[in-house]
Number of protein chains: 4
Amino acid sequence: MIKILFPKDIKQELIFHASEIFKEKNIPFYVQHNEENVSFLASEGKEIAESLVGSVQIQEFSLPYPLVSRKFHPEDSVVSLGSVSFQKDSFTLIAGPCSIENKAMISDTAQFLSGLGIKILRGGTYKCRTSPYSFQGNEHSLEYLQEIARKFSMKTVTEVLGEDLLEETAKVADMLQIGSRNSQNVRLLQKVGMQKKPVLLKRGFMNTMQEFFLSAEYIALTGNNNIILCERGIRTFENATRNTLDIAAIPVAKKETHLPIIIDPSHAAGRRDIIPALVKAGMVAGAQGAIIEVHPDPEHALSDGKQSLNFQEFEKLLGEIRTLAQAINIQIL
Amino acid sequence: MIKILFPKDIKQELIFHASEIFKEKNIPFYVQHNEENVSFLASEGKEIAESLVGSVQIQEFSLPYPLVSRKFHPEDSVVSLGSVSFQKDSFTLIAGPCSIENKAMISDTAQFLSGLGIKILRGGTYKCRTSPYSFQGNEHSLEYLQEIARKFSMKTVTEVLGEDLLEETAKVADMLQIGSRNSQNVRLLQKVGMQKKPVLLKRGFMNTMQEFFLSAEYIALTGNNNIILCERGIRTFENATRNTLDIAAIPVAKKETHLPIIIDPSHAAGRRDIIPALVKAGMVAGAQGAIIEVHPDPEHALSDGKQSLNFQEFEKLLGEIRTLAQAINIQIL
Amino acid sequence: MIKILFPKDIKQELIFHASEIFKEKNIPFYVQHNEENVSFLASEGKEIAESLVGSVQIQEFSLPYPLVSRKFHPEDSVVSLGSVSFQKDSFTLIAGPCSIENKAMISDTAQFLSGLGIKILRGGTYKCRTSPYSFQGNEHSLEYLQEIARKFSMKTVTEVLGEDLLEETAKVADMLQIGSRNSQNVRLLQKVGMQKKPVLLKRGFMNTMQEFFLSAEYIALTGNNNIILCERGIRTFENATRNTLDIAAIPVAKKETHLPIIIDPSHAAGRRDIIPALVKAGMVAGAQGAIIEVHPDPEHALSDGKQSLNFQEFEKLLGEIRTLAQAINIQIL
Amino acid sequence: MIKILFPKDIKQELIFHASEIFKEKNIPFYVQHNEENVSFLASEGKEIAESLVGSVQIQEFSLPYPLVSRKFHPEDSVVSLGSVSFQKDSFTLIAGPCSIENKAMISDTAQFLSGLGIKILRGGTYKCRTSPYSFQGNEHSLEYLQEIARKFSMKTVTEVLGEDLLEETAKVADMLQIGSRNSQNVRLLQKVGMQKKPVLLKRGFMNTMQEFFLSAEYIALTGNNNIILCERGIRTFENATRNTLDIAAIPVAKKETHLPIIIDPSHAAGRRDIIPALVKAGMVAGAQGAIIEVHPDPEHALSDGKQSLNFQEFEKLLGEIRTLAQAINIQIL
Ligand SMILES: [Mn+2]
Ligand SMILES: [Mn+2]
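Residues numbered from 1 in each chain as written. Chains lettered and ligands numbered in written order. Predicted model: local features only at pLDDT ≥ 70, side-chain atom pairs only at ≥ 80, totals over all residues. Heavy atoms only, no water.

Some points on the side chain of T92 of chain A
Residues and elements named next belong to chain A. Under the convention used in this document: Helix and strand definitions here come from DSSP, where helices need a minimum of 4 consecutive H or I residues and strands a minimum of 2 consecutive E residues; each element is numbered from the N-terminal end. Definition of a polar contact: a pair of N or O atoms within 3.5 Å, with one able to donate and the other able to accept a hydrogen when the atoms are protein atoms, and with sequence-neighbouring residues admitted only if both atoms are side-chain atoms. Contact criterion: two residues are considered in contact whenever any of their non-hydrogen atoms come within 4.5 Å of each other.
Within the secondary structure, T92 is located in strand β7 (residues 90-96). Polar side-chain contacts of T92 include one of 3.1 Å to the backbone oxygen of S85. Contacts of T92, omitting those with residues within four sequence positions, involve V84, S85, F86, I120, Q288, G289, A290 and L333.

So, the nonpolar core
The condition is simple: For the purposes of this section, nonpolar cores are sets of buried Ala, Val, Leu, Ile, Met, Phe, Trp, Tyr and Cys residues that join through side-chain atoms within 4.5 Å. Type-normalised accessible area, obtained with a 1.4 Å probe on protein chains alone, sets the label of each residue: buried when under 20%, exposed when over 50%, and partly exposed for intermediate values.
Of all hydrophobic cores here, the largest spans 167 residues; its most connected members are I247 and F314 of chain B together with I247 and F314 of chain D. Core analysis: the next-biggest nonpolar cluster, separate from the first, contains 165 residues, A281 of chain A together with A110, F212 and L317 of chain C among them.

Remarks on unusual backbone geometry
The phi dihedral of N329 of chain A is positive, around 60 degrees, even though this residue is not glycine. With respect to the secondary-structure elements, N329 of chain A resides in the loop between α11 (311-327) and β15 (331-332). With a relative accessible area of 67%, N329 of chain A lands in the exposed category. Positive phi is not limited to glycine here, since K196 of chain D has a value of about 65 degrees.

Focus on helix α7 (residues 209-220) of chain C
Residue and element names in this part refer to chain C. In plain terms, the rule: Between the first and last residue of a helix there are one fewer steps than residues, each counted as 1.5 Å, and that sum is the expected span.
With 12 residues, α7 extends 16 Å from end C-alpha to end C-alpha; this agrees with the ideal 16 Å at 1.5 Å per step. In terms of burial, α7 is largely enclosed, as 11 of its 12 residues are buried. When α7 is considered as a whole, its buried residues turn out to be M209, E211, F212, F213, L214, S215, A216, E217, Y218, I219 and A220. Elements in contact with the buried residues of α7: α6 (186-193), β11 (199-202), β12 (227-231) and α8 (249-256).

Describing the coordination of the manganese ion (ligand 2)
Residues and elements named next belong to chain C. Applied cut-off: Only N, O and S atoms count as donors, using a 2.8 Å cut-off from the metal and 3.2 Å for Na, K and Ca, and because water is excluded some sites may appear unfinished.
Taken together, C98 (SG), H267 (NE2), E293 (OE) and D304 (OD) make up the protein donors of the manganese ion (ligand 2), found 2.1 to 2.5 Å from the metal. Coordination of the manganese ion (ligand 2) draws on donor residues from a single chain, spaced C-x168-H-x25-E-x10-D in sequence. Of this pair, C98 sits in the loop between β7 (90-96) and α3 (103-115) while E293 sits in strand β14 (residues 289-293), placing them 195 residues apart in sequence. Here C98 matches E293 in class, with each residue buried.

Written as structure tokens, this is what we have:
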């Protein structure tokens, strides 16, 4: 990798000239502006840099994902959403239904959750389903999400299912989710990044950690560093669970990147009985939060009912989480 | 699954009324028109159908992907592209570079391939790369592809990387490819389907056959049946090859669906030495074609050089393919 | 499944007669004796039972692994080894080198560990290596293990590499380990089970939970219930870690079986930096212990050095484990 | 890797002295004798070699599995069994039931197969089953196999389930099979190798090609080079088939090793309908044979019935195989 730093007073035409050379050589490059200078970030181009007129500085380094890497950014990044933050020594809970099936159910859920002190509401709007014949989301769900979240003063997160839905989704949601199946949909990563809202990036269920961090890098290159990684289980041969929660992903991510990481025990497990064990394991392993599916009536849910907690189960789990957090000096947000 | 057939002379407001009930009940449904009648296809809704005024017919059946299933369409579908067709007892070759790096290389490759009788040219334009710092495609590649394909009278296939690139890609390409990483990008599946051009649907490297067929069903539901399935290897623990070519996918797909299936030995293998063995195995297992990466100078390719054949290697392979095809009464197209 | 209970005073020839019928019908059956009666356990055989002369009782049930299942044995099993036990609300540590390379190193390690209160010493004797050219174990290692364990009053666990090594291994070791590669070596499972010593059963790195429990059932059918399950990571596509620790295996195993389960974070991770996170996550998820590789000089270890903790690292980890255990009311054994 | 060649007239005490040094340094070494000299093969030991008195020769090279590697043995190995051979440009069929359930069924099957010209009979004796409650094999099956094979002049192959069964199995079988679950049971590999009979080594369903070749190396190091590799499918996330046949394993194995490789389409597929496609693909990809499960009445088989062909299906398949073989100049043995 190479970073070419141009002096602050560089003329626009020289930047343009440098760009042309990179394009001609088919090397992707990313222009970054800060207060002191303009720079180019690319995988190679030392010879190009040396051929440029004027006093450019060249930094060479070997890092596959420099922007999200902890090497250049040793302290933990903090991603804030209203009054809560995803940060060190804290654990933030996001909860809500898989899908916003109708107004009553999201309202009941939000009322229940906000009563328990939960500040961020999840709720599927346009759903990414394996089968076109499965429930695809309620067409009014974005409206409902907005109305209800306001009513209960909650922040919201929902998935951006496609580029064409980005605008309407971004109008409503406080945090934009990239779903597991879109984790390497690079155009969507870039377009969502450009919204300048916090992004919840789910790990692709068939992606290595390195690929996961590179997807985050696509977002970071848009200038948006408000990225929260989410480990949600990977696909393996095991079928006692829907996916296999890769608990090691948490310490690995914390070592490799400066981004917060949370877990999604619901999609990892695919069954509600083991969710408490997974959430607590995740907290102790260093995760900064969890996103949990909660439904007023899981038996009749239109999607992911088997892995959704009912209100009573969630309240019990919350008690356990708070007890554990207190015991190990983690702040619940 | 349920199919509700309305009589041909059904009034528009009754269709609208039925639609409203389905929406209210959050059941996705698909309206299909043919010469004789209008129908609704949905996963459930018998009670709704029975409650409708007028003489509707109800068909119930149990099939996860009725439109692409062979059960309702016993004969093989034929997908045509110019003078060639993907059909029974034939084997159609698609060849070309991973990326269109510049005009000269695509021109040389097309000249070489068309000289050998190859009729369909592949060429990456906007590339889906794991790293944002890897070559992302030449910005003029669509122009080059169009110009060169015309010059050598070849048909073209290239990947639609994102919804925002669909329009410009569809203007040029004769067949639109859904890449492996976008195999469950349902918005893209739907939008590409609506173009009414043949679609080359790559299997997600993390998708089961059932998921693969359901992705095809998303396309078929747009009214576009010109779908070619492409087995390109799945991700496993084995690392002697880039992916593991699932050869059984061919007979399974032929049993389950009426769509043509081809193989992509290049991405499956990730190495050029075993490509001949894979192509021939695919042909004998029943595939109707193959898409093969060919590059004038693989050692210096900007992407996937290790798995690209040079001209001499491709010509040798073509000879072997033709010999085998002749021996087993397969027509090479 | 079927259980046929014969009255206590059944004549031997009737048992023999029943056995003959099962053999003739090719149904495997297992004879179990207890104070009250003799019984046969088999997958089927109701008709046979009904045809037998005399008053047999028949129990039918649907459980793939009745002996290890929690359904017929609701309380947790306790497996004891000297003064320590693997039991509820406790966490037992097993530590030691991957291989006993020489006498000095096992002596130093045992002295260090026993000084910290560790009661069970692990140490590889005959090693199961992927390559025949890798270190296969020191030929005197069983002697060393015996001598050193006695000196420091520790209990020992080591792998039984093959049936031919069972006798000499069982003479020395207090607990016999079935390694991951032998998890479905059914003859070894049976022969090790018959030793009547506690068995540490590692999960096969490519085995589902169901297969894991069935391997335990093979052991239990020998009449040996002193089985400790060990989750040690499964093989997936991820390569940031040597294996993927399946943290969900812990709550799943605790629900399905009555056996204690521990984790092996060393072989799961394959790297020492994330071992603390994994051990703590395992404890909180409900594991009853951990087996950890410790080496006096990991950089020069003859096997698995990258995943072995040095003395200082282990002591630091032990402090963290004890702090966590105290906070959540787990007793460290 | 290093090979130390001692002169032919080396004194036994010097060999012993060298051995002692290797043992002391914990380096596994293998003594090989041929007409000209005695040699030591080990992963390292140049300094030891140089310290030895007398004129030893030292060869250094970098190959993980020198004995089975094609590099030191460029021509294909031929493994013979009676009148048939596994060799270049030929395809040898092994067929028979999963298990020898009783004498009549193995007799009928052998009669049928020998009538079709099949020369090698497979038949499970002691079976390796996931569940102890599944059929474990008929206790007389080895006798039956011997008697029937003699009667119909067929050669036999059966699995050696454990070390304790080796002697009785080796008395009967002409070729000894190492099953998939025992592929890394190193003691069994060594003991079976020492029998000096041809070995059919199944790939572990969880093993990489490199691990597969290293298992073969364990056998080769016993001095037995009559090893046939068998690709039988690997475990992946796909569940339309029991395993995923890794067709690329064939050309990879042929490039890397000099050993014959055959396929087992029955265990790969786990369903009979796609077996013809897999066998033919395997032949064209370069396999030197196939082992196929055939049963007189698959619906009532005690094991693996779903993947067994009945007589009519096998005869039809054999016709197709012969037609294909003739078309591509492969000799059917
Ligand atoms: Mn969900
Ligand atoms: Mn080890």
